[in-house]
2 protein chains.
Amino acid sequence: MLAAMGDSALEKTAAFILANDDFTLIAHVSPDGDTLGCTCALRLALIKLNKKVQAVCENAAPKIYRFLPGIDGLIVPENAIATSAAIAIDCADEGRMGAAKAIWDNAGHTANIDHHGTNTMYAQLNCVATSAAAAAEVIFKLITLLQVDIDKDIATCLYCGLVTDTGNFAYSNTTEHTHYAAGKLMSLGADNALINRAVYRSAPISKRRMLGVGLVKAEYVFGGKIAYCLLTRADYAKFNARDEDTEGIIDNLRDVESVEIAILIRETEDGAYKVSMRSKEYADVCAIAMLYGGGGHKQAAGCTVRGEISTISGELIELAKKAI
Amino acid sequence: MLAAMGDSALEKTAAFILANDDFTLIAHVSPDGDTLGCTCALRLALIKLNKKVQAVCENAAPKIYRFLPGIDGLIVPENAIATSAAIAIDCADEGRMGAAKAIWDNAGHTANIDHHGTNTMYAQLNCVATSAAAAAEVIFKLITLLQVDIDKDIATCLYCGLVTDTGNFAYSNTTEHTHYAAGKLMSLGADNALINRAVYRSAPISKRRMLGVGLVKAEYVFGGKIAYCLLTRADYAKFNARDEDTEGIIDNLRDVESVEIAILIRETEDGAYKVSMRSKEYADVCAIAMLYGGGGHKQAAGCTVRGEISTISGELIELAKKAI
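Since we're looking at a predicted model, the values are computed, not measured. (Residues numbered from 1 in each chain as written. Chains lettered and ligands numbered in written order. Predicted model: local features only at pLDDT ≥ 70, side-chain atom pairs only at ≥ 80, totals over all residues. Heavy atoms only, no water.)

A. Structural context of the nonpolar core. Residues L42(A), I87(A), I143(A), L42(B), I87(B) and I143(B) are the most contacted members of the largest nonpolar core, which totals 122 residues. Once residues within four sequence positions are removed from consideration, L42(A) is found in contact with I17(A), L25(A), I87(A), I89(A), I113(A), I139(A), L142(A) and I143(A). Formed by 37 residues, the second largest nonpolar core is a distinct cluster that contains M210(A), Y220(A), V259(A) and L211(B). (Core = buried A, V, L, I, M, F, W, Y, C linked by side-chain atoms within 4.5 Å. Buried < 20%, exposed > 50% of the residue type's maximum accessible area, 1.4 Å probe, protein only. Contact = heavy atoms within 4.5 Å.)

Next comes the structure, spelled out in structure tokens:
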């Protein structure tokens, strides 16, 4: 029996779960804390409902998410078996499933649980709550509706989704409902301290070194409105750094008082350049990225370029000036 | 009339406010987002109750808090007048009032609203909720109890207190009640985006430069368990930096995976050295600081030292090793 919630798509999704017996849950490629937290939480909930369930992701979980209860249950698509039902979690379109799409295509019954405004409604049953800050808000409601006992493990998985998709409740997607969900999950045992230690307080030294180098090398031009930084292979080599060690640099550049657009360029191993751009309030960096065959959102976009980097970076800065 | 709340100290404080007519609200020295947000919020609430009220702080509000609604109403003690009632906000002891203590001493009626476990209960009426993550949680309850309409301005002030005292809901003091309060304040109009932009996304370039230098200069010793960094006057001079530009460096050092103790040493203008220490989980850095005449908490402490810095830093590192 379902608790009354008055949300038709959610009720249909709960009914979908109760009506089927074996499930594949699909987290998106390059998984983040929301897709992983939700996939782990829903898997644990389905186990409590005595369902057969496998959780699949094309990529291994990043180290910072290995603390998630049930993360060891995550398998790669090659090791997955066919199931009659499949649920995509936090996947805005089918491409986000990566190699797990083959399992999806073989499932007779499909559901899509997400919160992205760009969701393409690709499933038989689409449960997409665009006002939710994280898919975890939707999965929390779903598990509640299914009347599964939410224990400390499930609560911790869902809280991780809230924390990571809202940047600790700081992004503009955060609503009163995000906080109410977070409060309820803490009351159910969500381990806020564990999550924050694992996700935000466990940086490798190489990541701190690269942040240091990025902030020292950064140039501020156009009255400080544009922050620009180029990281070369020599920078990576000096600290034995990997690409993930550069995470967070661009946010630090954007979060300077005068900056509207931050541009981070990273030389790749094969001599190309990955360009990441962020705007703080109004500038459209996606339009710039699209000129180079890239894309993204208005305030966060990127592209990959090849050629003489001083020329290209000069062009990028000119385009950024026009966008401000 | 008061709403029912079943919290005696809070009810007495509400009655105290209703029974008096003219108030001095006192924020603590070196004010943070909690004492300032609470002082502004309570001042706005008392104005709505047609009370005479002045808000006093020994120091000017840091730039990042100038966005707070009503912050222009804050005055320095020299400009304050005598009032019959005084309320200290977020002050663990009388010393935290600084020069505003003179006004407190002249008031016939005193109340102390706080959340620190170390509060010395120095007022006639002490309303100290040690389970609250921020004084803002207490002031929110108090204003609710007073049945004052909480508008967008008051809600924003209180939300700022929650955000800054919990490090965006990440510190271990965060509880389900903190989130419930945050959710309620957002529903009342608290401007989460404004607060985050002002407090966390408005760093001066000099602050980013100093963070970069700190992270590049940092040394990791004792198997990476100790992070150590010395910032000299030359570092400050290079980027025209001030002491507040070094804020955040030590947190970045502590939040490295292997680190248990982070030590940041800053050379002062008069040739002394300010030592800041943080521990991540278990080490007692206060015990180390006390050996040099300093103090603080187990996980965050400091002291000021003079002498040959290479000798002193060697001693500090040896003491840190013993504390791990």
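B. Representation of the relation of the copies chain B and chain A in the model. Placing chain B over chain A gives an RMSD of 0.0 Å and needs a rotation angle of 180°, together with 0.0 Å of translation along the axis. The superposition of one copy onto the other is thereby described by a two-fold rotation axis. Measuring from the rotation axis to each C-alpha of chain B, the shortest distance belongs to G212(B), at 1.9 Å. Looking at the interface residues of chain B, 100% of them are also at the interface in chain A, so both copies use one shared face. (Least-squares fit on C-alpha atoms with pLDDT ≥ 70 in both.)

C. Broad picture of the packing of helix α4 (residues 135-145) of chain B against helix α5 (residues 152-165) of chain B. Residue and element names in this part refer to chain B. Where α4 meets α5, the closest approach of the two axes is 8 Å, and the angle between their N-to-C directions is 150°. Judged on the interaxial angle alone, α5 and α4 are roughly antiparallel. Each of A136, E137, I139, F140 and I143 in α4 lies in contact with α5, whose residues at this interface are I154, L158, G161 and L162. Here the contact of α4 with α5 is composed, by residue class, of seven nonpolar, one polar and one charged. (Axes fitted to C-alpha atoms, helices over the stretch in contact; angles between N-to-C directions. Helix = DSSP H or I, 4+ residues; strand = E, 2+ residues; numbered from the N terminus. Parallel < 35°, antiparallel > 145°, perpendicular 65-115°, else oblique. Nonpolar A, V, L, I, M, F, W, Y, C, P; charged D, E, K, R; others polar.)

D. Representation of the sheet that holds strand β5 (residues 109-114) of chain B in the model. Residue and element names in this part refer to chain B. The six strands lie next to each other as β3-β2-β1-β4-β5-β6, forming an open sheet whose pairing is parallel. Looking at strand neighbours, the two that pair on one side only are β3 (74-75) and β6 (125-128), the edges of this open sheet. Relative to β5, strand β4 (residues 85-89) is paired through five bridges, and the arrangement is parallel. Among the inter-strand pairings, A86 is bridged to a residue of β5, identified as T110. Each of β1 (22-27), β4, β5 and β6 is contacted by helix α1 (residues 8-19), which is oriented at about 130° to β6, the strand it contacts most. (Pairing = 2+ DSSP bridges.)

E. Main features of the sheet that holds strand β12 (residues 300-305) of chain B. Residues and elements named next belong to chain B. The strand order β7-β8-β9-β10-β12-β11 describes an open sheet built from six strands, whose pairing is mixed. The open sheet is flanked by β7 (219-221) and β11 (295-296), the only strands paired with a single partner. Here strand β8 (residues 226-231) runs beside strand β9 (residues 261-267); their pairing, made up of six bridges, is parallel. For L231, the partnering residue across the bridge sits in β9 and is R266.

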